[in-house]
Amino acid sequence: MPAPMRMPMEEKKRSTSRHSLSIDRRESVTVTGVIDVISFDEESVIGETEMGVIVIRGVNLHVNRINLESGELSVSGEIDGVTYENPSGGARTKSLLGRLFK
């Protein structure tokens, strides 16, 4: 009987992890699967998730909760939009961050 194949740690983490996004009445956003929060202010929250970089845009945004151990992020305010950047996007992600920090 052949030995079971083992997946590399990174692939195993991605296949068993969960990412979700919940927006409630454009007043609050809850994100799971958050790896890191890159930056935040009253107009945007930028985080790294298991599915890529997420950008939450709005007015009077407040980070209510960040728990990187459980991968949870909660933001409230007037939510205008949520976008993702591909995790392997490289230049695309850099240009996004470059545009934000101009």
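For the structure, check the block above.
A quick note: this is a predicted structure, and the numbers were derived from the prediction, not measured.

**Some remarks on the overall build of the chain**
Within the chain one finds 2 helices and 6 strands. Shown N-terminal to C-terminal, the secondary structure of the chain runs as helices and strands in the order α-β-β-β-β-β-β-α. For the chain, buried positions account for 27% of its 102 residues. Pairs at least 24 residues apart make up 44% of the contacts formed inside the chain by residues separated by at least 6 positions. As displayed, the chain offers around 7,200 Å² of accessible surface, 51% of which is attributable to carbon and sulfur atoms.

**Observations regarding the pattern of salt bridges**
One pass over the structure, following the stated rule, counts 3 salt bridges. Linking Arg 26 and Asp 80 is a salt bridge whose minimum nitrogen-to-oxygen distance equals 3.4 Å. Taken as a pair, Arg 26 in the loop between strand E1 (20-24) and strand E2 (28-32) and Asp 80 in strand E6 (residues 72-85) lie far apart in primary sequence, 54 residues in all. For Asp 80, a relative accessible area of 46% puts it in the partly exposed group. Its salt-bridge partner being Glu 72, residue Arg 65 comes within 3.4 Å of it at the nearest N-O pair. Of the residues examined, Arg 65 reaches a relative accessible area of 39% and is grouped as partly exposed. Taking relative accessible area as the criterion, Glu 72 reaches 26% and is therefore assigned partly exposed.

What counts, and at which threshold
- Residues numbered from 1 in each chain as written.
- Predicted model: local features only at pLDDT ≥ 70, side-chain atom pairs only at ≥ 80, totals over all residues.
- Heavy atoms only, no water.
- Helix = DSSP H or I, 4+ residues; strand = E, 2+ residues; numbered from the N terminus.
- Buried < 20%, exposed > 50% of the residue type's maximum accessible area, 1.4 Å probe, protein only.
- Contact = heavy atoms within 4.5 Å.
- Areas by Shrake-Rupley, 256 points an atom, 1.4 Å probe, with all protein chains shown as cover.
- Salt bridge = Lys/Arg side-chain N within 4 Å of Asp/Glu carboxyl O.

Taken by themselves, the reported measurements are silent on function.
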